[in-house]
Amino acid sequence: MDIYKVKINFEEKGLEPVELDIAEGESVLDVCLENGIELQHNCGGVCGCSTCHVYVNKGEDNVQEISDKEEDFIDRAVNPRINSRLGCQCVMIDGNIEITIPDQSQFLGH
């Protein structure tokens, strides 16, 4: 199994970027949760909501292609952009990736 790097930037003020190992077949959401990085996932990471929304800055070809279902949920996310993906669906297939996590303080109960 190949191990890649994920660089995570944060929109939230005061949070420094981090670089973590990510294994082939692992999702961005998995790595965040394993490393104590807050990324909302109300549906439990099954592409059933839009709360684990992230922006892929680099390496979008290194994750699984976007599905129609994922696109539908991204349309409901806060501030979607052309490079928006759901963290639970950013599953590594090859190479490194760089993402930005939107400010999580917009979610209730934070």
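Each residue is numbered by its place in its chain's sequence as written, counting from 1. With the structure being a predicted model, the display of local features is reserved for residues of pLDDT at least 70 and the display and counting of side-chain atom pairs for 80 or more, all residues being used for whole-chain, interface and lining totals. With hydrogens and water set aside, each side-chain value is computed from the structure's full complement of heavy atoms.

## Quick look at unusual backbone geometry
Consideration 1: Positive phi outside glycine occurs at Cys47, with the angle close to 60°.
Consideration 2: Only protein chains enter the area calculation, which uses a 1.4 Å probe; residues under 20% of their type maximum are buried, those over 50% are exposed, and those in between are partly exposed. Judged by its relative accessible area of 4%, Cys47 is buried.
Consideration 3: In this model, Asn79 sits at a positive phi of 50°, which is unusual for a non-glycine residue.
Consideration 4: Secondary structure is summarised from DSSP: a helix means a run of H or I of at least four residues, a strand means a run of E of at least two, and numbering begins at the N terminus for each. Looking at the element boundaries, Asn79 is found in the loop between α2 (68-74) and β4 (84-86).

## Comments concerning the environment of Arg85
Consideration 1: Mapped onto the fold, Arg85 is located in strand β4.
Consideration 2: For Arg85 and Cys47, which are 38 residues apart along the polypeptide, the C-alpha to C-alpha distance reads 11 Å.
Consideration 3: Pairs of N or O atoms within 3.5 Å make up the polar contacts considered here, provided that, within protein, one atom can donate a hydrogen while the other can accept it, and that residues adjacent in sequence are counted only when both atoms are side-chain atoms. Looking at Arg85, its side chain comes within polar contact range of the side chain of Glu70, at 2.8 Å.
Consideration 4: A distance of 3.3 Å separates a polar side-chain atom of Arg85 from the backbone oxygen of Gln89.

## Quick word on the nonpolar core
Consideration 1: Grouped together as the largest cluster of nonpolar side chains are 26 residues, with contacts concentrated most on Val6, Ile8, Ile97, Ile99 and Ile101.
Consideration 2: Ignoring sequence-local partners within four residues, the contact set of Val6 consists of Val18, Glu19, Leu20, Ile22, Val31, Ile97 and Ile99. What makes a nonpolar core is a set of buried Ala, Val, Leu, Ile, Met, Phe, Trp, Tyr and Cys residues whose side-chain atoms join them at distances within 4.5 Å. By definition in these notes, contact holds between two residues if any of their heavy atoms fall within 4.5 Å.

## Examining the packing of aromatic side chains
Consideration 1: In summary, the pairing rule links any two rings of Phe, Tyr or Trp, Trp by its six-membered ring, whose centres are within 6.5 Å, and it sorts them by plane angle into stacked for under 30 degrees, edge-to-face for over 60 and tilted for everything else. For the structure on display, the rule yields zero aromatic pairs.
Consideration 2: By definition here, charges over rings are those cases where NZ of Lys or CZ of Arg is within 6 Å of the ring centre and within 35 degrees of the ring normal. The ring of Tyr55 carries the charged tip of Arg81 above its face, separated from the ring centre by 3.7 Å.

## Focus: the pattern of salt bridges
Consideration 1: Note on definitions: salt bridges are taken to be side-chain nitrogens of Lys or Arg within 4 Å of carboxyl oxygens of Asp or Glu. Counted under the stated rule, the structure contains four salt bridges.
Consideration 2: Between Lys5 and Asp21 there is a salt bridge, with its nearest N and O atoms 2.6 Å apart. Of this pair, Lys5 sits in strand β1 (residues 3-10) while Asp21 sits in strand β2 (residues 18-23), and the two are 16 residues apart along the sequence.
Consideration 3: On the accessibility criterion, Asp21 (46% relative accessible area) is partly exposed.
Consideration 4: Note that Arg81 and Glu11 form a salt bridge whose closest N and O atoms lie 3.1 Å from each other.

## As for the sheet that holds β4
Consideration 1: The criterion for strand pairing is that DSSP finds at least two bridges linking the strands in question. Pairing is mixed across the open sheet formed by five strands, whose spatial order is β2-β1-β5-β3-β4. The sheet is open, and its two edges are formed by β2 and β4, each paired on a single side. Pairwise comparison of adjacent strand axes, ignoring direction, gives a mean angle of 40° for this sheet.
Consideration 2: Examined bridge by bridge, strand β3 (residues 53-58) and strand β5 (residues 97-101) share three bridges and lie antiparallel to one another. Bridge pairing in β5 links Val56 to Ile99. All axes here are fitted lines through C-alpha atoms, helices being fitted over the stretch that makes contact, and every angle between N-to-C directions spans 0 to 180 degrees.

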